[in-house]
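So the chains spell out like this:
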Amino acid sequence: YIGDWSSDVCSSDLKKAAAAEPEPVVEEPVVPESGSGTYIYPDGARYEGEWQMFDSQSEDPDAPKKIIKRHGQGKFIEADGQQWYEGNWSADAMDGQGAMNFRSGCRYDGDWQANSYHGSGKYTFPDGTFYEGQMHNNMIHGEGVYVDSTGRPWKGTFYNNSGPGLTEALKR
């Protein structure tokens, strides 16, 4: 009670003290550091797969502190559905094992590094011819075999998408 007291008796100006209301505790929503799901881009393209939160590299003070990037297994499909990549992602880059279908009808299956085919893989052309072997920064480069439209294999060392001095591989 709030009021005056005299000889252990409260005065006539007695008021009941309002119970102190605790300040509401506002909890920030818990945002997971990683997960999986589907994201549809404004142009209609979509990503289905795993993602992870990363620290923003922006120097803009109004930019978010964390951003979501494709990370882990997933599939990105262009809006028209004709071009897609399915495989491993690392911080929004195609990285590791994966396959890509191109609008042109070409297809690449193999190793990726920082959005480039890099390592070993198979590049198939629309006419069915293909190269299988080493790749370097999106180029046929290193030891490999090219199989032409007649089914004849040509083996050798390739340099920057060309194969000088290739020899016909013997069929067994």
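Everything below is about the structure printed above this text.
The rules we used
Residues numbered from 1 in each chain as written. Predicted model: local features only at pLDDT ≥ 70, side-chain atom pairs only at ≥ 80, totals over all residues. Heavy atoms only, no water. Core = buried A, V, L, I, M, F, W, Y, C linked by side-chain atoms within 4.5 Å. Buried < 20%, exposed > 50% of the residue type's maximum accessible area, 1.4 Å probe, protein only. Helix = DSSP H or I, 4+ residues; strand = E, 2+ residues; numbered from the N terminus. Contact = heavy atoms within 4.5 Å. Salt bridge = Lys/Arg side-chain N within 4 Å of Asp/Glu carboxyl O. Pairing = 2+ DSSP bridges.

Participant: For this particular structure, what's the right way to read the nonpolar core?
Facilitator: For soluble globular proteins, the rule of thumb is that nonpolar side chains tend to be buried together. Formed by 16 residues in total, the largest nonpolar core has its most connected members in Tyr85, Trp89, Tyr108, Trp112, Tyr117, Tyr123 and Met135. Only strand S6 (84-90), strand S7 (93-101), strand S8 (107-113), strand S9 (116-124) and strand S10 (130-136) provide two or more residues apiece to this core. Discounting residues that sit within four places of it in the chain, Trp112 has contacts with Tyr85, Met94, Asp95, Gly96, Gln97, Gly98, Ala99, Met100, Tyr117 and His118.

Participant: Any chance you could explain unusual backbone geometry here in plain terms?
Facilitator: Here the phi dihedral of Ala91 falls at roughly 50°; this positive angle occurs in a residue that is not glycine. Here Ala91 shows up in the loop between S6 and S7. Of the residues examined, Ala91 reaches a relative accessible area of 31% and is grouped as partly exposed. Its identity as a non-glycine residue notwithstanding, Asn138 has a phi of 70°, on the positive side. With respect to the secondary-structure elements, Asn138 resides in the loop between S10 and strand S11 (139-147). For Asn138, a relative accessible area of 32% corresponds to the partly exposed category.

Participant: Just to check I follow, could you spell out the pattern of salt bridges for this structure?
Facilitator: Pairing is possible between side chains of opposite charge, provided their charged atoms come close. Applying the stated criterion to the full structure yields 7 salt bridges. For the salt bridge of Asp92 with Arg70, the shortest nitrogen-to-oxygen distance reads 2.9 Å. Of the two residues, Asp92 sits in the loop between S6 and S7 while Arg70 sits in strand S5 (residues 66-77), which places them 22 residues apart along the sequence. Assessed through its relative accessible area of 16%, Arg70 is described here as buried. Residue Arg103 pairs with Glu78 through a salt bridge whose shortest N-O separation is 3.9 Å. On the criterion of sequence distance, the pair formed by Arg103 in the loop between S7 and S8 and Glu78 in the loop between S5 and S6 is long-range, its members being 25 residues apart. Owing to a relative accessible area of 22%, Glu78 belongs among the partly exposed residues under this scheme. By sharing partners, the salt bridges in this structure join Glu33, Asp55 and Lys66 into a single network.

Participant: Please clarify how the pairing of S9 should be interpreted in this entry.
Facilitator: A regular strand places its side chains on the two faces of the sheet in alternate fashion. Two elements, S8 and S9, share 6 bridges in a ladder whose sense is antiparallel. Residue pairing across strands places Gly110 opposite Gly121, the latter belonging to S9. Where S8 folds back onto S9 in an antiparallel hairpin, the turn is made up of 2 residues, including Ala114, whose phi is positive at roughly 50°. Here S9 pairs with S10 via 6 bridges, running antiparallel. Bridge assignment links Thr124 to a residue of S10, and that residue is Phe130. Here S9 folds back onto S10, and the loop between the two strands holds 5 residues, one of which, Gly128, carries a positive phi near 95°.

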